[in-house]
Amino acid sequence: MSALASDAVEAGGIRAKIRLSDLESCPVAQVSQDEVECFNVSKRVDPESGRVTEEFATDTEVTSEGADLEPIFSYGEQSVYRFQRSFGHDCACEMVEEYDCPIVDTQAIDGDLSIVFHAPTMNELRGAVTALRDNYDNVDVQRLVSSRDEEGSEDLVFVDRGELTERQREVLETAHSMGYFKHPKGSNAGEVAEALGITTSTFTEHLAAAQSKLLNSILEEPETPAPA
């Protein structure tokens, strides 16, 4: 491992993957409607004019009424498109970058935009997530990965909330809010089930399935990030 990579691991940062849906202001997300996948997103900001030039690649021919797309390069089945916009024009990526969190990967498919970034500490992560949720309705924190601790532990924890169904998440959130997981319990299974409008057996089935998925994420072997 290089010295630079070692320093980054020991810094205690957090790698986050967040998915945003229904981004009407994002040209890349709009282009990705109807199963079009956009990847290799990059941008340049002109410091004098504040104009932003963005590029993305896709293996599908695309058109968009909301952005003036310019095809600039093709290789094999993939094409690269370019468009321009004003800096700070309701851009989710720029909101995250304001919290010292440069975007390291951006992809879009079916209108959903997924962004990956590294936050130096939990404070920057909370700030970035709060800013996104203040501006957009559908923000899903899909995965968080913590760096090694000061002793060099390699116990990296992945939590992928996207694996839960909407019903499983509702069951977990309701059970948590009613104190079901506290000791002593704030409510029992029957009371939580009643609040959800389901039977106790259905509640326990959903809860077991959700807990199993979360435990799989926590106990599975850690994923080693690909070298840059």
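Above this text sits the structure in question.
The structure displayed is predicted, hence computed values, not measured ones.

Parameters and conventions
Residues numbered from 1 in each chain as written. Predicted model: local features only at pLDDT ≥ 70, side-chain atom pairs only at ≥ 80, totals over all residues. Heavy atoms only, no water. Core = buried A, V, L, I, M, F, W, Y, C linked by side-chain atoms within 4.5 Å. Buried < 20%, exposed > 50% of the residue type's maximum accessible area, 1.4 Å probe, protein only. Helix = DSSP H or I, 4+ residues; strand = E, 2+ residues; numbered from the N terminus. Contact = heavy atoms within 4.5 Å. Phe/Tyr/Trp six-rings, centres within 6.5 Å; stacked < 30°, edge-to-face > 60°. Pairing = 2+ DSSP bridges. Axes fitted to C-alpha atoms, helices over the stretch in contact; angles between N-to-C directions. Parallel < 35°, antiparallel > 145°, perpendicular 65-115°, else oblique. Left-handed = near helix turned anticlockwise from the far one by under 90°. Nonpolar A, V, L, I, M, F, W, Y, C, P; charged D, E, K, R; others polar.

Caption draft 1: Quick peek at the nonpolar core. Membership of the largest hydrophobic core comes to 35 residues, with the highest contact counts inside it found for Ile18, Leu20, Phe117 and Leu132. Every element with two or more residues in this core is listed here: β1 (14–21), α2 (27–31), β5 (78–86), α3 (92–97), β6 (103–109), β7 (112–119), α4 (122–135) and β8 (138–146). Not counting chain neighbours up to four residues away, the residues in contact with Leu20 comprise Ala92, Gly111, Asp112, Leu113, Ile115, Leu132, Tyr136, Asn138 and Val139. Counting residues in each nonpolar core, the second largest holds 13 residues, with Leu164, Leu172, Val192 and Ala193 among its members.

Caption draft 2: The arrangement of the packing of aromatic side chains in detail. Under the defined criterion, the tally for this structure stands at five aromatic pairs. Arranged with centres 5.4 Å apart and planes meeting at 90°, the rings of Tyr180 and Phe203 form a pair that is edge-to-face. On the criterion of sequence distance, the pair formed by Tyr180 in the loop between α5 (166–177) and α6 (189–196) and Phe203 in helix α7 (residues 200–219) is long-range, its members being 23 residues apart. In this structure, Tyr180 and Phe203 share a single accessibility class: buried.

Caption draft 3: Molecular detail of the environment of Ile18. With respect to the element layout, Ile18 can be found in strand β1. Residues Ile18 and Asp140 lie 122 residues apart in sequence; the distance between their C-alpha atoms is 5.7 Å. Residues contacting Ile18, with those up to four places away along its chain left out, are Leu113, Ser114, Ile115, Phe117, Val129, Leu132, Val139, Asp140, Val141 and Gln142.

Caption draft 4: Structural context of the sheet that holds strand β3 (residues 51–58). On the basis of which strands lie adjacent, the open sheet formed by eight strands has the order β4-β5-β3-β2-β6-β7-β1-β8 and antiparallel pairing. Edge positions in the open sheet fall to β4 (70–75) and β8, since each of these has one partner strand only. Mean inter-strand twist for the sheet, computed between neighbouring axes without regard to direction, equals 25°. Both strand β2 (residues 37–45) and β6 contribute to a ladder of two bridges, which runs antiparallel.

Caption draft 5: Examining the packing of α5 against α6 more closely. As a packed pair, α5 and α6 sit with axes 10 Å apart at the nearest point and diverge in direction by 125°. For the element pair α5 / α6, the angle class is oblique. You can see that α5 and α6 cross each other, and the crossing is right-handed. Note on element contacts: α6 touches α5 through Val192, Ala195 and Leu196, opposite Arg167, Glu170, Val171, Thr174 and Ala175. For the contact of α5 with α6, the residue count by class is five nonpolar, one polar and two charged.

Caption draft 6: Molecular detail of the pairing of β3. When you tally the buried positions in β3, you get six out of eight residues, the bulk of the element. Hairpin connection of β2 to β3: five residues between the antiparallel strands, including Gly50 at a positive phi of 80°. Of the strand pairs in this sheet, β3 and β5 are connected by eight bridges, and their pairing is antiparallel. Bridge assignment links Glu55 to a residue of β5, and that residue is Arg82.

Caption draft 7: Layout of the pairing of β4. Note that β4 and β5 share five bridges and pair antiparallel. By the bridge assignment for β5, Tyr75 is matched with Gln78. In this antiparallel pair of consecutive strands, β4 and β5, the connection spans two residues, and Gly76 shows a positive phi of 65°.

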